[in-house]
Amino acid sequence: MISVVFFMKLLLFFCMFFSSESIPYKIFLSRFFHRNASFVSKNRLIFACNLKNREISEEMFIDIFQNTSCQFTKKLDISWSTISDGLLLSLPKTIEELSLARVKIRFSGNIVSIQNYIKPLLARLPNLRVLDLSFHGLENSDIDFSNFFNRSLGSKIEVFILKNNHLDIQAIANFAHFPELRSLDLSDNSMVSLAEFDFQGLLRDFYFPKLESLSLRNSGMNAIVADNEEYSAFLLSLKKLDLSDNGIRDAVLGSIFETHCSEVFRASGFEFKRQSPYR
Amino acid sequence: MNLSGNHLTGKGMRYLALLPNLTDLDLSNNLIHNFDLDGFGDSAFNKLERLKINNNFINNDVFKNFPAFSELIALDLRDNAMDKVDHRDFIELLCLSRLPKIKNIQLRLCRMQNSSLSLMDASFSALNPDRGEDCFVTNVSRSLNEF
């Protein structure tokens, strides 16, 4: 099995080296080639770079992001890797998709939390559209951007993945600072109950105008109560909603979708013909 | 919408029927034993295209009272409490009005034989009779007659 994998990687190497294509789209730097990436031809632009699960040294970083065409990379995955704080804050500004799931940050010989590096990274990477900060034990205050963004300097992030952290339902308010947000993954957190969040004061069209996909999988949301129209509108405007593995019972579904469904549909122009059998 | 792995019994289906634009619904790994859609008629789930309801407690009567899903293309019924399929009910379900656009149904029946549990896999595809095509079953690992 190992030899087959090695053969495939060797084949990939030769294909890239001798290919006549001038712009290969993606490069995977396996542990076999992690020594450096200088084999990449100078006239090639690398748009995606996979550096998962490895120790990213300064020499390797320079090789990849300064001496090769990887400096123009748009997609970078360094999840489960270890990287120094200086290198983390030196990532190319061209990056649009960044995975930092379970990444370890080395500072003065110690492994430190990513909490203090989130905002500097967002400031460093103005084109970031996809960000994965899963498996970091983040709490609500760690993603509080209330004093960071303003209306003239909003985030461009469209996909935010925050699986397996320590966020609760109040954290949803923090994402109001991401006007371009289309997909939000909060699975494996501790949402507990949406009822604890006051949607009355929120105008959905201002805060979550583009949100299409929301994952609340395995978040302990077994006591949801939809007691106002804003809440129902927020849920029903989604195209994709993941509530799996929450211990939800039938009555809870009723509280989510029945209470204000008809009103919401009428407000959105939907011709609501069916009536709930419980009305 | 993904509601897999919860404690739904089937009564909650009527609430989901309130969602007008639902196209994908995953209800696998719940406690569902029937479809409770009384009061909605044939207009419920009228945009639903894919329904996963595998690994629940649906029994042999499911095809007798199966709701009409006018746009349903794929149905996953594997690993429920069915141990046989009535040929007539099944063909009616596939070809007549209740699932007019169905293309794929996945079944895995559990049958008690000699006090031991055996599994049978079957995958069915049907053509659309509205287009003048005959209704028949293809890609079958076991013939319907065996049921």
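Residue numbers here run from 1 along each chain, matching the order of that chain's written sequence. Just so you know, chain letters begin at A and ligand numbers begin at 1, following the order they were written in. Owing to the predicted nature of the model, reporting of local features is limited to residues with pLDDT of at least 70; listing and counting of side-chain atom pairs is limited to 80 or more, with chain, interface and lining totals taken over all residues.

1. What to know about the overall build of chain B
And then number 1: For helices the rule is a DSSP run of H or I covering at least 4 residues; for strands it is a run of E covering at least 2, with both sets numbered from the N terminus onward. Per the secondary structure count, chain B includes two helices and five strands.
And then number 2: When the helices and strands of chain B are read in sequence order from the N terminus, they spell out α-β-β-β-α-β-β.
And then number 3: Considering chain B as a whole, with its 147 residues, one finds that 39% of them fall into the buried category.
And then number 4: Across chain B, the fraction of contacts at a sequence separation of at least 24, relative to all contacts at a separation of at least 6, is 58%. Buried residues are those with 20 or more other C-beta atoms within 10 Å of their own C-beta, exposed residues have 12 or fewer, and partly exposed residues lie in between; C-beta atoms are placed from the backbone. Throughout, a pair of residues is in contact if the C-beta atoms placed from their backbones lie within 7 Å.

2. Considerations on the overall build of chain A
And then number 1: Across its full length, chain A carries eight helices and 13 strands.
And then number 2: Residue pairs at least 24 apart in sequence account for 69% of intrachain contacts in chain A once pairs closer than 6 positions are excluded.

3. Focus on the nonpolar core
In summary, soluble globular proteins display a tendency toward joint burial of nonpolar side chains.
And then number 1: The term nonpolar core refers to a set of buried Ala, Val, Leu, Ile, Met, Phe, Trp, Tyr and Cys residues connected through C-beta atoms within 7 Å. Of all hydrophobic cores here, the largest spans 73 residues; its most connected members are A:Leu98, A:Phe160, A:Leu181, A:Leu184, B:Leu16, B:Leu51 and B:Leu72.
And then number 2: For this core, the secondary-structure elements that each account for two or more residues are α2 (58–65) and α7 (250–257) of chain A together with α1 (13–16) and β4 (104–113) of chain B.
And then number 3: It is α1(B) that provides the largest number of residues to this core, a total of three residues.
And then number 4: Each residue touching A:Leu98, except ones within four places of it in the same chain, is listed here: A:Leu76, A:Leu125, A:Leu128, A:Val130 and A:Leu131.

4. Some words on the environment of A:Phe208
And then number 1: Assignment of secondary structure puts A:Phe208 in the loop between α5 (204–207) and β12 (213–215).
And then number 2: Sequence spacing of A:Phe208 and A:Phe178 is 30 residues, and the spatial spacing of their C-alpha atoms is 7.9 Å.

5. Re the sheet that holds strand β5 (residues 82–84) of chain A
Residues and elements named next belong to chain A.
And then number 1: At least two DSSP bridges between two strands are needed for those strands to be called paired. The mixed open sheet is built from four strands, whose spatial order is β3-β5-β7-β8. What marks the edges here is a single partner per strand, and that holds for β3 (55–56) and β8 (110–112).
And then number 2: One ladder, built from three bridges, connects strand β7 (residues 104–107) with β8; its direction is antiparallel. In the sheet register, Phe107 faces β8, and the bridge partner there is Asn110.

6. What about the environment of B:Asn65?
All names here are of chain B.
And then number 1: With respect to the helices and strands, Asn65 occurs in the loop between β2 (50–52) and β3 (74–76).
And then number 2: Asn65 sits in the exposed class, given 11 other C-beta atoms within 10 Å.
And then number 3: Considered as a pair, Asn65 and Ala81 are 16 residues apart in the sequence and their alpha carbons are 15 Å apart.

7. Some thoughts on unusual backbone geometry
Residue and element names in this part refer to chain A.
And then number 1: Its identity as a non-glycine residue notwithstanding, Asn53 has a phi of 55°, on the positive side.
And then number 2: Turning to its location among the elements, Asn53 is positioned in the loop between β2 (48–50) and β3.
And then number 3: Phi is positive for Trp80, close to 65°, though the residue is something other than glycine.
And then number 4: When you line up the elements, Trp80 lands in the loop between β4 (75–77) and β5.
And then number 5: Owing to 16 C-beta atoms within 10 Å, Trp80 belongs among the partly exposed residues under this scheme.

8. Comments concerning the environment of A:Asp250
And then number 1: Relative to the helices and strands, A:Asp250 is located in helix α7.
And then number 2: Apart from the residues lying within four places of it in its own chain, the contact partners of A:Asp250 are B:Leu8, B:Thr9, B:Lys11 and B:Gly12.

9. Overview of the pairing of β7(A)
Residues and elements named next belong to chain A.
And then number 1: Sheet topology places β5 next to β7; three bridges connect them, and they run parallel. The residue bridging Thr82 from the neighbouring strand is Lys104, located in β7.
And then number 2: Taken together, β7 and the strand that follows it, β8, pair antiparallel across an intervening segment of two residues, in which Ser108 is found at a positive phi of about 55°.

10. A word on the confidence of the model for chain A
Residue and element names in this part refer to chain A.
And then number 1: The share of residues in chain A with pLDDT of 70 or more is 60%, and the mean pLDDT across the chain is 72.
And then number 2: Per residue, pLDDT captures the predictor's confidence, and it can take any value from 0 to 100. When the criterion is pLDDT under 50, residues 198–205 qualifies, and its contacts beyond four places in sequence or with other chains add up to twelve contacts.
And then number 3: Confidence over residues 260–279 falls short of pLDDT 50; this stretch has 25 contacts with residues more than four positions distant or in other chains.

11. Regarding the confidence of the model for chain B
And then number 1: Taken residue by residue, chain B gives an average pLDDT of 69. The fraction at 70 or more is 59%.
And then number 2: Two summary scores accompany this predicted model of the complex, namely pTM at 0.73 and ipTM at 0.72.

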